[in-house]
Amino acid sequence: MFPASRYSTKAHKCIRALKTVQTEHAAPQLYTTLHRRKCSSVSTPRITTHYTIHSRDKDSRWEGIEMERFADEADVVIVGGGPAGLSAAIRLKQLANEHEKELRVCLVEKASQIGAHTLSGACVEPTALSELFPDWKERGAPMNTPVTEDVFSILTEKHRIPVPILPGLPMRNHGNYIVRLGNFVRWLGEQAEELGVELYPGYAAAEVLFHEDGSVKGIATNDVGIAKDGSPKDVFERGMELHAKVTLFGEGCHGHLAKQLYKQFNLRENCEPQTYAIGLKEVWVIDEKKWRPGRVEHSVGWPLNRNTYGGSFLYHLNEGEPLVALGFVVGLDYTNPYLSPFREFQRWKHHPSIAPTLEGGSRIAYGARALNEGGIQSIPKLTFPGGLLIGCSPGFMNVPKIKGTHTAMKSGMLAAEAIFPKLTAEGLDSETTGLHVPEYTEALKNSWVWKELHSVRNIRPSFHNYFGLYGGMIYTGVFYWIFRGKEPWTLKHAGLDANQLKPAKECTPIEYPKPDGKISFDLLSSVALSGTNQRGDQPPHLTLKNDSVPVERNLAIYDGPEQRFCPAGVYEYVPLETGDGMRLQINAQNCVHCKTCDIKDPSQNINWVVPEGGGGPAYNGM
């Protein structure tokens, strides 16, 4: 909860109500066939009831409802408790302590706990961490598994072709650490709190607030106590406002507030569209005899065809028990609407080079998350009056390395170093009420982050050629290994991922094998391992701009791709009880906050917004 000393009696009441509503219906609930039968009805109900689509100003049920929000002031507000947001908060407090300045830094995070929504491979390069905390080992950072073996392969259906990892290639992991990133983020949170950062997990930033001059004023957390039909409950309470001199947006990949800021300030005017992938991950306990702590395996090829970008990882962790983290990444610029990233992942695990590691083991966790793959070409303008974009929100991932934690952390640190002098200057020099800090962009372009991303800028788009995977690998071998990214051209991406799907009639349906329940599994049992928990009696946060588009366009033209690209079973087409058609059912409780639907929907009709704070997955060290 927010600190008691900073709030009036009315604010205390508001916070208590928020906490009460957030804890209602705590048991996770996944939608199954049983629920489906109950939900079908003769007339198609309104799918979207969220106030972002249906204004409360025109809804008589909201007449007379108190809509005042309580506000609090900070020097800096940070949205998102991931590596970037926490690194920014830590660096700000470090600078404040070094210069003996008072600085109030507040960080809001939609997950119930810091790290609970964090998911990554993850093999982390410690560069930024060593800059932030040179003594990170003495501080007990959970970086327990240095890489000892590095394996890269091309898979065919039955065989594995080893590929040598030459010195200097981005896939080389010497000096890196295999981590459970959620645990690492939790540790960063502990360091931030020790320095005096105010952390507020369980509070979702739902709205960007603006000053009269158009600069960012801060954020508002979401309202609570709204029924599924969009009406106010007796316990309805407005969210809280947090105002700041400058607000840092570090929501992660495809943040919903960042999308608003792109439009408000035209931040994507001079960059290419972002391109994405979906990463699916599991954690297994395996037979100790097969356990090789520190071993890192990556592969490309089967089961994807040469024109579908993607690959896999298998990491052996040293966490006191024989754990492996394994995952599958599929570029969201794929063209076949029948492709299911989840089922490709399950099929991959049966490859002769993968299955023996898992046989006799036990799967203990599952999750999924979208990731940025656009590289330096797709980075938007990063600063605007009153705010900055940091981390995976704008997209600093090094795609061929499959790493973004170190660059995200460094972006947060650079942001802190850019805004600190302005925050603490004697005379606040700003043309707008909200501070504008263009120095952040310059600092980033002069850092190792920009140099690193520039050197690999052409690797991902080089896969857009007739030979696909193989053409891209040849390009990487020649132009990156020899020239280190110094070629005098920059390749372009194919465009928006949402525009890449072909009509279903032009594509061949993909027949996936049934899961065996030992190595491969069905979708709902997988989602259950994510711990996802959204209160069912709230408006679905997967909103549709037009409720008729899914059936009239997505189902009619693309055979309903949302029921396949979602890794959590949120979307399904079910028959109307009249028997004369289909309707889209949204099982919002299943959502793991991956954002894939918002990215890949060919109609761009889905708009992901935050549910009530504290909902979503409950990852334990993913």
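These numbers were taken from a predicted model, which means no experiment stands behind them.

Attention now goes to the overall build of the protein. Across its full length, the protein holds 16 helices and 24 strands. Here the protein has a C-alpha radius of gyration of 24 Å; the compact-globule value for 622 residues is 25 Å, and the two agree. Reported as C-alpha extents along the three principal axes, the dimensions of the protein are approximately 65 × 65 × 45 Å. Excluding contacts between residues fewer than 6 apart, the proportion of contacts in the protein whose partners are at least 24 apart in sequence is 79%. Carbon and sulfur atoms make up 51% of the accessible area of the protein, which totals about 25000 Å².

Running from N to C, helix H9 (residues 405–424) and helix H11 (residues 448–455) point in directions that differ by 145°, and their axes come no closer than 10 Å. H11 is crossed by H9, and the crossing has left-handed handedness. Counted together, His406, Thr407 and Lys410 of H9 and Trp448, Val449 and Glu452 of H11 form the full contact between these two elements. Of the residues belonging to the contact of H9 with H11, the class tally is two nonpolar, two polar and two charged.

A separate point is the packing of helix H3 (residues 83–98) against helix H5 (residues 181–195). One way to put it is that H3 packs onto H5 with a least axis distance of 9 Å and a crossing angle of 25°. The orientation of H3 with respect to H5, classified from their angle, is roughly parallel. The element H3 and its partner H5 pack so that their crossing is left-handed. Residues Pro83, Leu86, Ser87, Ile90, Lys93, Gln94 and Asn97 of H3 touch H5, and the partners they reach there are Leu181, Val185, Leu188, Gly189, Gln191, Ala192 and Leu195. Its residues assigned to classes, the contact of H3 with H5 comprises eight nonpolar, five polar and one charged.

Quick look at the side chain of Ser378 now. Of note, Ser378 is situated in the loop between strand E18 (362–372) and strand E19 (383–384). In terms of polar contacts, Ser378 uses its side chain to reach the backbone carbonyl oxygen of Pro273, at 3.0 Å. Not counting residues up to four positions away in its chain, the partners in contact with Ser378 are Arg268, Cys271, Glu272, Pro273, Gln274, Thr275, Pro394 and His493.

Next up on the list: the sheet that holds strand E4 (residues 145–146). Taken in spatial order, the three strands make up an open sheet running E3-E7-E4, and their pairing is antiparallel. Each having just a single partner strand, strand E3 (123–124) and E4 make up the two edges of the open sheet. Across two bridges, the pairing between E3 and strand E7 (residues 177–178) is antiparallel. The residue bridging Val124 from the neighbouring strand is Tyr177, located in E7.

In terms of nonpolar packing, the biggest core is built from 79 residues, with Leu248, Phe249 and Tyr440 touching the most fellow members. It is H9 that provides the largest number of residues to this core, a total of ten residues.

On to the UniProt feature "transmembrane region" (unreviewed entry) in the protein. The sites that carry the UniProt feature "transmembrane region" (unreviewed entry) are, in the present numbering, residues 463–483. Between the end C-alpha atoms of residues 463–483 the distance is 18 Å, and the span holds 71% helix and 0% strand.

Pairing within the open sheet is mixed, and its seven strands lie in the order E6-E5-E15-E16-E17-E14-E18. Two strands close off the open sheet at either side, each with one partner strand: strand E6 (160–162) and E18. In this sheet, adjacent strand axes meet at a mean angle of 20° when their direction is disregarded. Both strand E14 (residues 276–285) and strand E17 (residues 322–331) contribute to a ladder of nine bridges, which runs antiparallel. Directly across from Val285, in E17, lies its bridge partner Leu323.

On the secondary structure map, Gln191 appears in helix H5. In this view, Gln191 contacts Ile90, Phe133 and Arg139; residues no more than four positions away in its chain are not counted.

For the structure on display, the rule yields 14 aromatic pairs. Residues Trp62 and Phe236 carry aromatic rings whose centres are separated by 5.0 Å and whose planes lie at 85° to one another, so their mutual orientation is edge-to-face. With Trp62 in the loop between helix H2 (33–39) and strand E1 (71–79) and Phe236 in strand E12 (residues 232–237), this residue pair connects regions lying 174 residues apart in the sequence. As far as burial versus exposure is concerned, Trp62 and Phe236 are alike and both buried. Between Phe328 and Trp348, the ring centres sit 6.0 Å apart and the planes meet at 40°, which makes this aromatic pair tilted. Residue Phe328 is found in strand E17, and its partner Trp348 is found in helix H7 (residues 341–348); the two are separated by 20 residues along the sequence. Residue classification places Phe328 among the buried residues on the basis of a relative accessible area of 2%. Trp348 gets classed as buried once you look at its relative accessible area, which sits at 0%. Among the aromatic residues, those joined into a ring-pair cluster are Phe210, Phe249, Phe265 and Phe384. The side chain of Arg306 reaches across the aromatic face of Tyr466, ending 5.0 Å from its centre. For Lys595, the ring lying beneath its charged end belongs to Trp608, and the centroid distance is 4.5 Å.

Rules used throughout
Residues numbered from 1 in each chain as written. Predicted model: local features only at pLDDT ≥ 70, side-chain atom pairs only at ≥ 80, totals over all residues. Heavy atoms only, no water. Helix = DSSP H or I, 4+ residues; strand = E, 2+ residues; numbered from the N terminus. Rg over C-alpha atoms; globule rule 2.2 N^0.38 Å. Contact = heavy atoms within 4.5 Å. Areas by Shrake-Rupley, 256 points an atom, 1.4 Å probe, with all protein chains shown as cover. Axes fitted to C-alpha atoms, helices over the stretch in contact; angles between N-to-C directions. Left-handed = near helix turned anticlockwise from the far one by under 90°. Nonpolar A, V, L, I, M, F, W, Y, C, P; charged D, E, K, R; others polar. Parallel < 35°, antiparallel > 145°, perpendicular 65-115°, else oblique. Polar contact = N/O pair within 3.5 Å; in protein donor to acceptor, adjacent residues only side chain to side chain. Pairing = 2+ DSSP bridges. Core = buried A, V, L, I, M, F, W, Y, C linked by side-chain atoms within 4.5 Å. Buried < 20%, exposed > 50% of the residue type's maximum accessible area, 1.4 Å probe, protein only. UniProt positions renumbered as here; feature names shortened; annotations may be inferred. Phe/Tyr/Trp six-rings, centres within 6.5 Å; stacked < 30°, edge-to-face > 60°. Lys NZ or Arg CZ within 6 Å of the ring centre and 35° of its normal.

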